[in-house]
Amino acid sequence: MRRSPLVAVVLTALLLGAPGVARAAVPDRAAVPDRVGEAVTALAGVRTAGTAWGFDPATGRMTLTVDDTVTAAEVATLRTVADRTGVLLRREPGTLRTLIAAGQGIYGGGARCSLGANVRSGSTYYVVTAGHCTAAASTWYADSAQTTVLGTRTATSYPGNDYGLIRYTSRIAHPSAIHTYPGLLTVNSYGNAYVGQAVCRSGVTTGVRCGTVTGLNQTVNYAGGSVSGLIRTNICAEPGDSGGPLYVASTGVILGILSGGSGNCTSGGVSYYQPISEVLAAYGLTLP
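Residues numbered from 1 in each chain as written. Predicted model: local features only at pLDDT ≥ 70, side-chain atom pairs only at ≥ 80, totals over all residues. Heavy atoms only, no water.

1. Things to note about the confidence of the model for the chain
Where the model shows low pLDDT, its predicted coordinates should not be examined in detail.
Inference 1: In this model, the chain carries an average pLDDT of 85, and 86% of its residues clear a pLDDT of 70 or more.
Inference 2: In this model, residues 1-33 is a region of pLDDT below 50 whose contacts with residues beyond four sequence positions or in other chains number 91 contacts. (pLDDT = per-residue confidence, 0-100. Contact = heavy atoms within 4.5 Å.)

Okay, here's the thing in structure tokens:
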């Protein structure tokens, strides 16, 4: 059954709750061999658009990935860095990008994104979504015609981070649920991801897709700037899915909001998420 744009926005709204404990992270530099510390230092200086880096638990090595936009000359330079520091260099098909597009969802400045979470500070209610989304416009709407105002941007942190807030200025409801196409999943809490965790994400373009967490504390160099501290998964995503939630389907725990990725949902891809706990702490937010 096709839903009205207003209902779609209400149902795409997602919530959070009580924190969990992270079980894995990039090794602390002081606790690992000098080789890894050297690699972290070298990779922190990489700003080439279309690259991402972090610790890969599957190989036990720091890994630098390049997408299809990285030129042969740039790859040669990066390979020198990788060889010198013992970093694994690999290519991921597609283009690492933030995932904005025109169409259904929440709308502003010609961009479409997915609403990520409903939160509040005292009696004031906000939408959490991706920062590269809120950077695109100050006023956001519940419909593609931009006739029903959702709210006004009050904060954006991008690049560096990738999250932003939209303050509700309308009477649109704030359900504590994730739209799972077509159902609703009650959100019980928020938590921190760990490697190997079974997770799903929800977005207006491709609906619900599921997979596993494959890395933490990842850095992605988008064309618009570098974002660090991200969760990496083997779940595909496409333009318009940005800002949507990463969550545990069995418990209703939200872990993050979609920042970007490479590939697509036809041939497969990877996606990266801003941890939700960081967003809540940054702005002093709680559940509605």
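Now that the structure has been shown, we can carry on.
2. Quick notes on helix H3 (residues 72-85)
Inference 1: Compared with an ideal rise of 1.5 Å per residue, which puts 14 residues at 20 Å, H3 spans 20 Å between its outermost C-alpha atoms and is within 8% of the ideal.
Inference 2: Those residues of H3 that sit buried are Val 75, Leu 78, Val 81, Ala 82 and Thr 85. When H3 is viewed along its axis, its buried side chains cluster within an angular range of 120° and face the same direction. Across from the buried face of H3, at angles greater than 90 degrees, the exposed residues are Ala 72, Ala 73, Thr 77 and Asp 83. (Helix = DSSP H or I, 4+ residues; strand = E, 2+ residues; numbered from the N terminus. Expected span 1.5 Å × (residues − 1). Buried < 20%, exposed > 50% of the residue type's maximum accessible area, 1.4 Å probe, protein only. Arc of directions from axis to C-beta.)

3. Observations concerning the pattern of salt bridges
Inference 1: If you walk through the whole model with that rule in mind, you get four salt bridges.
Inference 2: Taking the shortest distance from any N to any O, the salt bridge between Arg 90 and Asp 56 comes out at 3.0 Å. You can see Arg 90 sitting in strand E3 (residues 88-91) and its partner Asp 56 sitting in strand E1 (residues 51-56), a full 34 residues away along the chain.
Inference 3: The class for Asp 56 is buried, based on a relative accessible area of 9%.
Inference 4: The partner of Asp 68 in a salt bridge is Arg 91, with the nearest N and O atoms 3.9 Å apart. Taken together, the positions of Asp 68 in the loop between strand E2 (61-66) and H3 and Arg 91 in strand E3 put the pair 23 residues apart, joining distant regions of the chain.
Inference 5: Overall, Asp 68 belongs to the partly exposed group, its relative accessible area being 47%.
Inference 6: By relative accessible area, Arg 91 is classed as partly exposed at 44%. (Salt bridge = Lys/Arg side-chain N within 4 Å of Asp/Glu carboxyl O.)

4. Structural notes on the state of the cysteines
Inference 1: Under the definition given, this model contains three disulfides.
Inference 2: Between Cys 113 and Cys 133 runs a disulfide, and the two sulfur atoms are separated by 1.9 Å. Across the disulfide from Cys 113 to Cys 133, rotation about the S-S bond amounts to roughly -90°, and the bridge is consequently left-handed. Residue Cys 113 is located in strand E6 (residues 111-113), and its partner Cys 133 is located in helix H4 (residues 131-134); the two are separated by 20 residues in the primary sequence. For the pair shown, Cys 113 and Cys 133 are each scored as buried.
Inference 3: Two residues, Cys 236 and Cys 265, share a disulfide whose sulfurs are 2.1 Å apart. Handedness of the Cys 236-Cys 265 disulfide follows from its S-S torsion of about 100°: it is right-handed. One end of the pair, Cys 236, is in the loop between strand E17 (225-233) and strand E18 (245-248); the other, Cys 265, is in the loop between strand E19 (253-264) and strand E20 (268-275), and 29 residues separate them in sequence. (Disulfide = S-S within 2.5 Å.)

5. Observations regarding the nonpolar core
Inference 1: By size, the foremost hydrophobic cluster in this structure holds 19 residues, and its most contacted members are Val 119, Val 128, Ile 276 and Leu 285.
Inference 2: Breaking this core down by element, the ones donating at least two residues are strand E7 (117-121), strand E8 (124-129), strand E11 (163-168), E19 and helix H5 (276-283).
Inference 3: No other element matches H5, which puts three residues into this core.
Inference 4: Once you skip the residues sitting within four places of it in the chain, Val 128 turns out to touch Leu 115, Gly 116, Ala 117, Val 119, Gly 164, Leu 165, Gly 243, Ile 257, Ile 276, Val 279 and Leu 285. (Core = buried A, V, L, I, M, F, W, Y, C linked by side-chain atoms within 4.5 Å.)

6. Concerning the pairing of E18
Inference 1: Every second residue of E18 is oriented toward a common face, with Pro 245 and Tyr 247 on one face and Leu 246 and Val 248 on the other, all of them buried.
Inference 2: Where E18 hands over to E19, the hairpin turn is made up of four residues, of which Gly 252 adopts a positive phi near 70°. (Pairing = 2+ DSSP bridges.)

7. Points about the side chain of Gln 274
Inference 1: With respect to the element layout, Gln 274 can be found in strand E20.
Inference 2: Reaching out from Gln 274, the side chain makes a polar contact with the backbone nitrogen of Asp 162 at a distance of 2.9 Å.
Inference 3: Among the polar contacts listed, one links the side chain of Gln 274 to the side chain of Glu 278, at a separation of 2.8 Å.
Inference 4: When neighbours within four sequence positions are excluded, Gln 274 is seen to be in contact with Asn 161, Asp 162, Tyr 163, Val 227, Leu 230, Leu 255, Gly 256, Ile 257 and Val 279. (Polar contact = N/O pair within 3.5 Å; in protein donor to acceptor, adjacent residues only side chain to side chain.)

8. Observations regarding the environment of Tyr 194
Inference 1: For Tyr 194, the location among the structural elements is in the loop between strand E14 (189-190) and strand E15 (198-203).
Inference 2: Overall, Tyr 194 belongs to the partly exposed group, its relative accessible area being 23%.
Inference 3: Through-space distance from the C-alpha of Tyr 194 to that of Thr 212 is 9.4 Å; in sequence the pair is 18 residues apart.

9. Brief notes about unusual backbone geometry
Most peptide bonds are trans, and most residues other than glycine sit at a negative phi.
Inference 1: In this structure, the amide linkage connecting Tyr 158 to the following residue, Pro 159, adopts the cis form with an omega of -5°.
Inference 2: Mapped onto the fold, Pro 159 is located in the loop between strand E10 (149-157) and E11.
Inference 3: A cis geometry characterises the amide bond from Tyr 181 onward to Pro 182, with omega recorded as 15°.
Inference 4: Position of Pro 182 among the secondary structure elements: in the loop between strand E12 (177-179) and strand E13 (184-186).
Inference 5: For Gln 146, which is not glycine, the phi dihedral falls at a positive 55°.
Inference 6: Gln 146 gets classed as partly exposed once you look at its relative accessible area, which sits at 31%.
Inference 7: Even without a glycine there, the phi angle at Asn 217 is positive, about 55°.
Inference 8: Here Asn 217 lies in strand E16 (residues 207-222).

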